[in-house]
Amino acid sequence: MKRVKIDFSKISGPIKPLHGVNNAPEPDCEQGYYNVLQNAGIPFVRLHDMGGHYAAARYVDIANVFPDFDKDPADPASYDFAFTDWLIADIYRQGSEVVYRLGCSIEPEHFIKPRNIIPPTDHFKWARICEGIIRHYNEGWANGHEWNIEDWEIWNESDAESTKLWSGS
């Protein structure tokens, strides 16, 4: 086992905060988040399982932002950024940063019919779709933004005991 030594007499700079929340409070599209993130001092909001009972499959997930896998990832018209743009803009207005999960939300009803938890048939195309999303939020592509999102999570919870998260490895 290695030991870590800290010399408190030497200052090397600020420590990046490590706390945050998974999802923001349930969005109220008319009112936003009522400054709750800012009031609580939440530095990071991880966008995973952004469904919620009000979201109706509109936010963040690849299948929501790129609803027709048969479309061309190079064509901005293939994407629907409207709801996720609104969500992320409101998070930034509160002073929080975004951790964007590229993937899908949990599907508790997967035993009836899995919708988006099955790995894509074309991994290269899926990666190009992710590239389009990243470019939209960091480079202004497709009438996008230059928000410089630094933290990106690619899918998550693979090989989970339950197949309701992602059935891939």
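Keep in mind the model is a prediction, meaning the values are calculated, not measured.

Caption draft 1: Main features of the pattern of salt bridges. A full pass over the atoms with the stated rule returns 5 salt bridges. Linking R46 and E153 is a salt bridge whose minimum nitrogen-to-oxygen distance equals 2.8 Å. Here the residue R46 occupies a position in strand β2 (residues 44-47), and E153 occupies one in strand β4 (residues 151-154), the gap between them amounting to 107 residues. Overall, the relative accessible area of 23% leaves R46 in the partly exposed class. In this structure, R101 engages D61 in a salt bridge whose closest nitrogen and oxygen atoms are separated by 2.9 Å. You can see R101 sitting in strand β3 (residues 97-102) and its partner D61 sitting in the loop between α2 (52-55) and α3 (62-65), a full 40 residues away along the chain. Judged by relative accessible area, which is 9%, D61 ranks as buried.

Caption draft 2: How the structure looks around the environment of V21. As for its placement among the helices and strands, V21 is situated in strand β1 (residues 21-22). Classification of V21 as partly exposed rests on a relative accessible area of 28%. For the pair V21 and V45, spaced 24 residues apart in sequence, the C-alpha separation works out to 5.1 Å. Excluding residues within four positions of it along the chain, V21 makes contact with L37, I42, F44, V45 and R46.

Caption draft 3: Quick look at the sheet that holds β2. With parallel pairing, 4 strands are arranged side by side in an open sheet as β1-β2-β3-β4. A strand with exactly one partner marks an edge of an open sheet, and here the two such strands are β1 and β4. Direction of pairing for β2 relative to β3: parallel, over a ladder of 4 bridges. Each bridged residue has a counterpart across the sheet, and for L47 the counterpart in β3 is Y100. In this fold helix α4 (residues 82-93) packs onto β2 and β3, with an angle of close to 150° to the strand it touches most, β3.

Caption draft 4: Structural view of the nonpolar core. Counting residues in hydrophobic clusters, the biggest one holds 30 residues, and the most contacted among them are L47, Y79, I88, V98, Y100 and I133. Of all elements in the fold, only β2, α3, α4, β3 and α5 (123-138) reach the threshold of two or more residues within this core. If you tally residues by element for this core, the top one is α5, at 5 residues. Setting aside anything within four residues of it in sequence, one finds Y100 in contact with L47, V60, V65, T84, I88, I133, Y137, I149, D151, W152 and E153.

Caption draft 5: Layout of the packing of aromatic side chains. Throughout the structure, instances matching the rule amount to 10 aromatic pairs. Consider the rings of F66 and Y79, whose centres lie 4.9 Å apart with planes at 70°: the pair is edge-to-face. Placement of F66 in the loop between α3 and α4 and of Y79 in the loop between α3 and α4 is noted, with a sequence separation of 13 residues between them. Each member of the pair F66 and Y79 is classed as buried. Ring pairing ties together the aromatic residues F66, Y79, F81, Y92, Y100, Y137, W141, W147 and W152, which thus form one cluster.

Caption draft 6: Spotlight on α5. Given a rise of 1.5 Å per residue, 16 residues ought to cover 22 Å, and the 22 Å separating the end C-alpha atoms of α5 matches this to within 8%. Regarding α5, the residues found buried are K125, W126, I129, C130, G132, I133, H136 and Y137. Buried residues of α5, viewed axially, fall in a sector of 150°; they line one side. Among the exposed residues of α5, those oriented more than 90 degrees off its buried face are H123 and F124. Structurally, α5 contributes buried residues whose contacts are with α3, α4, β3 and β4. A side-chain oxygen of the first residue of α5 lies 3.1 Å from the backbone nitrogen of F124; this N-cap is D122.

Rules behind the numbers
Residues numbered from 1 in each chain as written. Predicted model: local features only at pLDDT ≥ 70, side-chain atom pairs only at ≥ 80, totals over all residues. Heavy atoms only, no water. Salt bridge = Lys/Arg side-chain N within 4 Å of Asp/Glu carboxyl O. Helix = DSSP H or I, 4+ residues; strand = E, 2+ residues; numbered from the N terminus. Buried < 20%, exposed > 50% of the residue type's maximum accessible area, 1.4 Å probe, protein only. Contact = heavy atoms within 4.5 Å. Pairing = 2+ DSSP bridges. Axes fitted to C-alpha atoms, helices over the stretch in contact; angles between N-to-C directions. Core = buried A, V, L, I, M, F, W, Y, C linked by side-chain atoms within 4.5 Å. Phe/Tyr/Trp six-rings, centres within 6.5 Å; stacked < 30°, edge-to-face > 60°. Expected span 1.5 Å × (residues − 1). Arc of directions from axis to C-beta. Polar contact = N/O pair within 3.5 Å; in protein donor to acceptor, adjacent residues only side chain to side chain.

Everything listed here is a matter of geometry and, on its own, says nothing about what the molecule does.
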